[in-house]
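If you want the building blocks of each chain, they are given just below.
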Amino acid sequence: MKKMIFIIGGLALLFNVLLGLLLSHYDYFNMGVNCGIIALNTALLFCVYAFNLRNAFRISFSFLFVLLSIIEIVLGCVMPPKLQDNGCMIACIVLIFFEIILLIVTYFLSNRTK
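Residues numbered from 1 in each chain as written. Predicted model: local features only at pLDDT ≥ 70, side-chain atom pairs only at ≥ 80, totals over all residues. Heavy atoms only, no water.

Take the confidence of the model for the chain next. Residues with a pLDDT of 70 or more make up 98% of the chain, whose mean pLDDT is 92. Least confident of the elements in the chain is helix 4 (residues 87-112), whose mean pLDDT is 92; most confident is helix 2 (residues 28-50), at 94. (pLDDT = per-residue confidence, 0-100. Helix = DSSP H or I, 4+ residues; strand = E, 2+ residues; numbered from the N terminus.)

The tendency in soluble globular proteins is for nonpolar side chains to be buried side by side. Of all hydrophobic cores here, the largest spans 10 residues; its members are V33, I37, L68, L75, M79, C88, M89, C92, L95 and I96. Those elements that provide at least two residues to this core are helix 2, helix 3 (55-78) and helix 4. The element that contributes the greatest number of residues to this core is helix 4, accounting for five residues. Counting residues in hydrophobic clusters, the runner-up holds nine residues, among them I5, V48, F61 and L103. (Core = buried A, V, L, I, M, F, W, Y, C linked by side-chain atoms within 4.5 Å. Buried < 20%, exposed > 50% of the residue type's maximum accessible area, 1.4 Å probe, protein only.)

All right, on to unusual backbone geometry then. With a phi close to 55°, D85 is a non-glycine residue in the positive phi region. Position of D85 among the secondary structure elements: in the loop between helix 3 and helix 4.

This is the structure:
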């Protein structure tokens, strides 16, 4: 499963870069943001399967993180190409930190109850 996560993440990165190069309305800023989002979420999904979590957490986090990744990518596509006063960028950062905190808390709770 770990290899498949990296393969799918790599293909998603390649697809994103190709879309960024081929589409004129897809700015390089948005392409870079979405590449970062894909890379971070691929790493988080890898951590879900690398950490010693219970199976129910692995399954539910896989679906939750993929759903949040899709939301983040859509936000990355529609955000204005600037860093300051960018609500979509703030929403993406908040969602990524939510995923990280959820994973860390679950990791410690899962290992504490064993």
